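What follows is the residue order along each chain.
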Amino acid sequence: MADPTQPGDPLKALSEEWVRTLQRTTKAMELLATPADPQIGLSPKTLVYRRNKARLYRYEGPRTRRIPVLFVPNLGISRPSIFDLRPGASFVEYMCGQGFDFFLLDWGVYGEEDNGLTFDECVTRLLPRVARKVLEASGAPELTVIGYCMGAPLSVSFVALHPEVPVRAYVNMAGPIDFSKAGMFAQWLDKRFYDVDRVVDTIGAIPADWVRVGFKLLKPTMDVSTALNLWWNLDKASYVEGYQALSKWANDYVPFPGEFFRQWVKDFYQGNKLIRKELRLDGRLVDLGQVRCPLFVVAGAEDNIAPAPCVKALLDYVGSQDKTYLELPGGHISLIAGRAASKHCWPRLAEWLAARST
């Protein structure tokens, strides 16, 4: 009988590592020779409403919860397929499986013809129509709103401006609110160094390549660490499949409409007008104190896009009495996609919503 306190056979360990290295090398050659095009965003859905490039989708599921959920993601930057990455690793699939009547707003991919679109128009014209369509399609008396990333300041501004819309609960997932704590982006876009008027007046829409470079510069070593992680896990089929799906989404950036980008930078990153109670949309003041429904805020402790203090700040400005804050390990994407999200974030969110959906 082998003594467990003694080290293993070094030759056996070396042999096993050589086998793994050969397997990884073979898999790497296969990926290079025949790069896969993984299918993402496969959850069945129905188009409920469309306006210009925007689409409102309703996903299929048991729908045992009475209050429907409207999910508002970021406009521009990336596609919403990250929320429905692949079967078994999909936030949409999970929420539908929990019985929620789940609606997702896909802002679409904007071109030069959409450069006149503004933050103002999205909040005061599009979101009210989308909310009405959710209520009409579901037949419910109220709805829950979830804002992710940029979708949070968009949707919370809508909730604050439209107290007549019956919002049962509101969720901020990694959405920046206090832009004085917005990290590296806030420094780069500081009005002392960044003339957004000159940028927009010169080039119009912000190209997808610019968006890609901006996010890459936040963590320049990310591609190297991702490649190393892939190498060490090339012999694990499930890891490779997840990597391919995430990589397809991560390299599909979309441009920003010019006027939207101008307003986004000036009113939020440079003016921080939302929490200063200086933001006016369609001539009306956006007062976060008008948000009085139950509030759930979730942030990533290592998020360098919307740092946790920037996200958590919403708790200090709303009029809600029922407020919950959850800070989890990980970054901006790990709250919404990946194994950690499915174990730690999604269940907590679903549990909180379920308690407020009866």
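Thresholds applied
Residues numbered from 1 in each chain as written. Predicted model: local features only at pLDDT ≥ 70, side-chain atom pairs only at ≥ 80, totals over all residues. Heavy atoms only, no water. Helix = DSSP H or I, 4+ residues; strand = E, 2+ residues; numbered from the N terminus. Contact = heavy atoms within 4.5 Å. Areas by Shrake-Rupley, 256 points an atom, 1.4 Å probe, with all protein chains shown as cover. Phe/Tyr/Trp six-rings, centres within 6.5 Å; stacked < 30°, edge-to-face > 60°. Buried < 20%, exposed > 50% of the residue type's maximum accessible area, 1.4 Å probe, protein only. Lys NZ or Arg CZ within 6 Å of the ring centre and 35° of its normal. Pairing = 2+ DSSP bridges. Axes fitted to C-alpha atoms, helices over the stretch in contact; angles between N-to-C directions. 1 Å grid on protein atoms, 1.4 Å probe; cavity = no way out; pocket = protein on both sides within 12 Å on 5 of 7 lines; lining within 4 Å. Points joined across faces, edges and corners; volume = space filled by probe spheres on them. Nonpolar A, V, L, I, M, F, W, Y, C, P; charged D, E, K, R; others polar.

**Focus: the overall build of the chain**
Then, in step 1: Helices and strands together make up the secondary structure of the chain, namely 12 helices and 14 strands.
Then, in step 2: Relative to all contacts within the chain whose residues are 6 or more apart in sequence, the contacts with residues 24 or more apart total 81%.
Then, in step 3: Summed over its atoms, the accessible surface of the chain is roughly 16900 Å², and 54% of this surface lies on carbon and sulfur atoms.

**Observations concerning the packing of aromatic side chains**
Then, in step 1: What the rule picks out here adds up to 20 aromatic pairs.
Then, in step 2: On the numbers, 6.2 Å between centres and 65° between planes, the contact of Y59 with F102 is edge-to-face. Of this pair, Y59 sits in strand 2 (residues 54-59) while F102 sits in strand 7 (residues 102-106), placing them 43 residues apart in sequence. The residues Y59 and F102 share a single accessibility class, namely buried.
Then, in step 3: Feature note: the residues Y59, F71, F83, F91, Y94, F102, Y148 and W346 constitute an aromatic cluster, connected by ring pairs.
Then, in step 4: Here the guanidinium or amino end of K45 rests over the ring plane of Y57, the centre of that ring lying 5.2 Å away.
Then, in step 5: Here the guanidinium or amino end of R65 rests over the ring plane of F100, the centre of that ring lying 5.4 Å away.

**A look at the sheet that holds strand 3 (residues 69-72)**
Then, in step 1: Ordered in space as 1-2-7-3-8-9-13-14, the eight strands form an open sheet in which the pairing is mixed. Both edges of this open sheet fall to strand 1 (45-51) and strand 14 (323-328), since each of them pairs with a single strand only. Each strand axis lies, on average, 20° off the axis of its neighbour in the sheet, ignoring direction.
Then, in step 2: By the bridge criterion, three bridges tie strand 3 to strand 7 in an arrangement that is parallel. Bridging from a neighbouring strand, L70 pairs with F103 of strand 7.
Then, in step 3: Against the sheet, helix 3 (residues 119-138) engages strand 1, strand 2, strand 3, strand 7 and strand 8 (143-148), with an angle of about 140° to strand 1.
Then, in step 4: This element, helix 4 (residues 151-161), spans strand 3, strand 8 and strand 9 (167-173) of the sheet and lies at about 155° to strand 9.

**Looking at empty space enclosed by the protein**
Then, in step 1: Enumeration according to the criterion identifies one cavity of 30 Å³ or more in this entry.
Then, in step 2: If you add up the space inside the largest cavity, you get close to 40 Å³.
Then, in step 3: Every residue lining the largest cavity is listed: N74, L75, G76, S78, R79, P80, D106, W107, G108 and V254.
Then, in step 4: Class assignment of the residues belonging to the lining of the largest cavity gives a composition of four nonpolar, four polar and two charged.

**Digging into unusual backbone geometry**
Then, in step 1: Not every positive phi belongs to a glycine, and C149 is a case in point at roughly 55°.
Then, in step 2: Examined against the element boundaries, C149 turns out to sit in the loop between strand 8 and helix 4.
Then, in step 3: Note on C149: relative accessible area 9%, which makes it buried.
Then, in step 4: Residues other than glycine seldom take positive phi values, yet D282 does so here, at roughly 55°.
Then, in step 5: With respect to the secondary-structure elements, D282 resides in the loop between strand 11 (280-281) and strand 12 (284-285).

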